[in-house]
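Coordinate analysis (summary)
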Amino acid sequence: MKLISAIIKPFKLDDVREALQEIGVQGMTVTEVKGFGRQKGHTELYRGAEYVVDFLPKVKLEIAVDADQVEAAIEAITKSANSGKIGDGKIFVSGLDEVVRIRTGETGSEAL
Amino acid sequence: MKSLMCSFKNHRGLTGLYVLMAGLFVPTLAMADDLSAGDTAWMITATVLVLFMTIPGLSLFYAGMVRSKNVLSVMMQCFAITASMTILWVLFGYSLAFGDGGSMNGFWGGFSNAFLANMTVDSMSGTIPESVFMTFQMTFAIITPALIVGAFAERMKFSAMLIFMAIWVTIVYAPICHWVWGGGWLGSKFAILDFAGGTVVHINAGVAGLVACLMLGKRKGYPTTAMPPHNLTLTLIGAAMLWVGWFGFNAGSELAADGTAGMAMAVTQIATAAAALAWMFAEWMTHGKPSALGIASGAVAGLVAITPACGSVGPMGALVIGLASGFICFKAASTLKRKLGYDDSLDVFGVHAVGGIVGALLTGVFSATTLGVFSGQGLAEGVNSIGGQVFNQSVAIMVTIIYCGVLSFIILKVIDVVIGLRVSEEEEIEGLDLASHGERGYIL
């Protein structure tokens, strides 16, 4: 099992959710986050006072999938979140030791 | 009104003029038939409009520009000023400003009408009841100190603020008000044109604000830390309320529902629109984007600048005054402040003092009847040239700057020594909402 964390542009969230549902992903966790990468921040100007805003709003998705679904999930996110412009985000993939469904006590792939 | 120097062009008979003047300075029991129902109805409305400028207008305008941890503190300060100035005005402020000071009348109005001792249901001020005149003037004594709040926002002790405002309105606002409008020496010796309060209200508040922000020092972290406005929608709503309410301020200053009041309304609208656009385009060209804060600030700058002028300039004069004030105040708020390094948090000096000075000087120009399409309704009585009028205007400006500047400094110095002006560093970081008032503006 793998845990996929994807940082994407907020307005792409619906497209990404649809793409992941199409390939059979059963659930996800979404968090509003802030950060910067190559896109850097932006500047704001108030009565001549310029402020550099370093951290831009992004959305972080967390999806737990079976190892055989990882490639498809990555492809779905990459395609649907791509606007072709700098700041589209990143996908991080890490190992996942255990999953437990709280209601039934099921574990592993059955709990996904 | 505002008084002698503007009354000359009233469209009323000489008798009416004398009644008005007599009524202004020595409120008397008058015949019931002196009362104009039209004037009275308009002045009650105008009074409410001017109160509307402070709470909610100015409160919201300022509230949006501070950081979210200080939003309540500025609204609270405006609210508390409204209440406390009301009480001071009826106890002795009105008497000091508009009473008859006898042999000292050139300098102050004395205490003869303290506690509103002479005001009854029947006492008149011109064609309106004195109670309406007193309340109308009260709303001016409320908004002037409230304007100063923007200069020391986010760092002044609430108690120090209350004491400062109480003393300031007593020994700075009330005397200057008396000198210009109440029959004192400035108005009677120099024939100045200040219809609705360029000197008395705006230059006065702007200079006091500059002195206050210099005395208090910069906010912690200024100018290296970002301190962007926390909610510009509030600021835009507040600016819109100021614009609407200002018709009470300017057109109401005629103290009657007549042609001068109508023209004051028209030129106020013209100058405000011109200044809003001037600031917007100047910012667009300088910084690349037209900002909402910019157009709102420009509108306020235009309102300030047309204030002294609105009883004596014409529509095209107002257009020029608006354009000039929008552009110059933009420069003052965005460039001058940075260069000089003072922390006038919400640009009280840059907008109100600078706008007030631009307006007061240009009033001396565009009131003239010799400028073709840019002509106004005439210079003050006894003044024959634009140069002479501009000189008189400069005297009023300088007197206001020096008197207000020096006395504001002394008041603040004394308060600083006795109880301190500033909240502690810890409280400033925490935010005045929690530190001073034990509340938060937003619980989300």
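The next subject is the overall build of chain B. A tally of regular secondary structure across chain B gives 16 helices and three strands. Relative to the globule expectation of 22 Å for 444 residues, the C-alpha radius of gyration of chain B, 21 Å, shows essentially globular dimensions. For chain B, the spread of C-alpha atoms along the principal axes amounts to about 60 × 50 × 35 Å. In chain B, buried positions account for 59% of the 444 residues.

On to the overall build of chain A, then. A count of helical and extended segments in chain A gives two helices and six strands. In sequence order, chain A lays out its α and β elements as β-α-β-β-β-β-α-β. Taken over C-alpha atoms, the radius of gyration comes to 17 Å for chain A, far larger than the 13 Å a tight globule of 112 residues would show. Within the span of chain A, comprising 112 residues, buried residues form 19% of the whole.

Take the interface of chain A and chain B next. Contact with chain A, which involves six residues of that partner, is made by twelve residues of chain B. Examining the composition of the side of chain A that touches chain B, we find that three residues originate from one element, strand E3 (residues 42-46) of chain A, more than from any other. Among the residues forming the side of chain A that touches chain B, the class breakdown is three nonpolar, one polar and two charged.

Scored by pLDDT, chain B has a mean of 92; 93% of the residues are at 70 or more. In the model, residues 2-30 of chain B has pLDDT below 50 throughout and makes 61 contacts with residues more than four positions away in sequence or in other chains.

Turning next to unusual backbone geometry. All names here are of chain B. Residue isoleucine 55 is joined to proline 56 through a cis peptide bond whose omega torsion reads 15 degrees. By the element assignment, proline 56 lies in helix H3 (residues 37-65). For the bond running from tyrosine 222 to proline 223, omega is 0 degrees, close enough to zero to count as cis. With respect to the helices, strands and loops of the structure, proline 223 is situated in the loop between helix H8 (198-216) and helix H9 (232-250).

Attention now goes to helix H10 (residues 259-287) of chain B. Along its 29 residues, H10 of chain B runs 42 Å from first to last C-alpha, staying within 8% of the 42 Å computed at 1.5 Å per residue. Glycine 288 of chain B, located one to two residues past H10 of chain B, shows a positive phi value of around 95 degrees.

Summing up the model confidence of chain A, the mean pLDDT is 93 and the portion of residues at 70 or higher is 100%. Within chain A, the lowest mean pLDDT, 84, falls on strand E4 (residues 49-53) of chain A, and the highest, 97, falls on strand E1 (residues 2-8) of chain A.

Quick look at the pairing of strand E5 (residues 56-65) of chain A now. Residue and element names in this part refer to chain A. In the sheet, E1 pairs with E5 via seven bridges, with the strands oriented antiparallel. Bridging from a neighbouring strand, isoleucine 4 pairs with isoleucine 63 of E5. Inspection of the sheet shows strand E2 (residues 29-35) paired to E5 by seven bridges, in the antiparallel sense. For glutamate 32, the partnering residue across the bridge sits in E5 and is valine 59.

What follows is about the nonpolar core. Within the largest apolar cluster, 149 residues are counted, with the highest numbers of intra-cluster contacts made by Tyr62, Leu242, Ala275, Trp279 and Ile321 of chain B. Those residues within four positions of isoleucine 321 of chain B in sequence are excluded, and the remaining contacts are Ala271, Ala305, Ile306, Ala309, Val313, Gly359, Leu362 and Phe366 of chain B. Formed by 14 residues, the second largest nonpolar core is a distinct cluster that contains Val16, Val25, Ala76 and Ile77 of chain A.

So, on to the environment of leucine 293 of chain B. Here leucine 293 of chain B shows up in helix H11 (residues 292-306). Between the alpha carbons of leucine 293 of chain B and methionine 280 of chain B there is a distance of 9.0 Å; along the sequence they are 13 residues apart. Dropping the residues within four chain positions of it, leucine 293 of chain B is found in contact with Tyr46 and Arg47 of chain A together with Pro229, Leu232 and Thr235 of chain B.

All names here are of chain A. Strands sit in the order E2-E5-E1-E6 across an open sheet of four strands; the sheet is antiparallel. Two strands bound the open sheet, and with one partner strand each, they are E2 and strand E6 (89-95). On average, each strand axis in the sheet is inclined to that of its neighbour by 20 degrees, with strand direction left out of account. This element, helix H1 (residues 13-22), spans E1, E2 and E5 of the sheet and lies at about 10 degrees to E5.

Let us look at the packing of H3 of chain B against H9 of chain B. Residues and elements named next belong to chain B. Contact geometry of H3 with H9 gives a least axis separation of 7 Å together with a crossing angle of 160 degrees. Taken as axis vectors, H3 and H9 run roughly antiparallel relative to one another. Seen along the crossing, H3 lies across H9 with a hand that is left-handed. Residue composition of the contact of H3 with H9, by class: 21 nonpolar, ten polar and no charged.

So, on to the environment of aspartate 344 of chain B. Residue and element names in this part refer to chain B. Tracing the backbone shows aspartate 344 in the loop between helix H12 (315-340) and helix H13 (348-366). Exposure remark for aspartate 344: the 27 C-beta atoms within 10 Å place this residue in the buried category. Not counting residues up to four positions away in its chain, the partners in contact with aspartate 344 are Ala151, Gly209, Leu210, Cys213, Lys337, Phe349 and Gly350.

As a further point, take helix H6 (residues 158-181) of chain B. A maximum bend of about 40 degrees is found in H6 of chain B at valine 169 of chain B. Looking one or two residues beyond H6 of chain B, the residue adopting positive phi is glycine 183 of chain B, at roughly 95 degrees.

A few words now on the packing of H9 of chain B against H11 of chain B. Residues and elements named next belong to chain B. At a closest axis distance of 10 Å, the pairing of H9 and H11 adopts a crossing angle of 15 degrees. Taken together, the axes of H9 and H11 lie roughly parallel to each other. For H9 against H11, the interelement crossing comes out left-handed. When H9 is examined against H11, the residues Leu232, Thr235, Leu236, Ala239, Leu242, Trp243, Trp246 and Asn250 are found in contact with a partner set consisting of Ala292, Leu293, Ala296, Ala299, Val300, Leu303 and Ile306. Its residues placed into classes, the contact of H9 with H11 shows 13 nonpolar, two polar and no charged.

Definitions and cut-offs
- Residues numbered from 1 in each chain as written.
- Chains lettered and ligands numbered in written order.
- Predicted model: local features only at pLDDT ≥ 70, side-chain atom pairs only at ≥ 80, totals over all residues.
- Helix = DSSP H or I, 4+ residues; strand = E, 2+ residues; numbered from the N terminus.
- Rg over C-alpha atoms; globule rule 2.2 N^0.38 Å.
- Buried ≥ 20, exposed ≤ 12 C-beta atoms within 10 Å, placed from the backbone.
- Contact = placed C-beta atoms within 7 Å.
- Nonpolar A, V, L, I, M, F, W, Y, C, P; charged D, E, K, R; others polar.
- pLDDT = per-residue confidence, 0-100.
- Expected span 1.5 Å × (residues − 1).
- Pairing = 2+ DSSP bridges.
- Core = buried A, V, L, I, M, F, W, Y, C linked by C-beta atoms within 7 Å.
- Axes fitted to C-alpha atoms, helices over the stretch in contact; angles between N-to-C directions.
- Parallel < 35°, antiparallel > 145°, perpendicular 65-115°, else oblique.
- Left-handed = near helix turned anticlockwise from the far one by under 90°.
- Bend = angle between axes of the 7 residues up to and from the residue.

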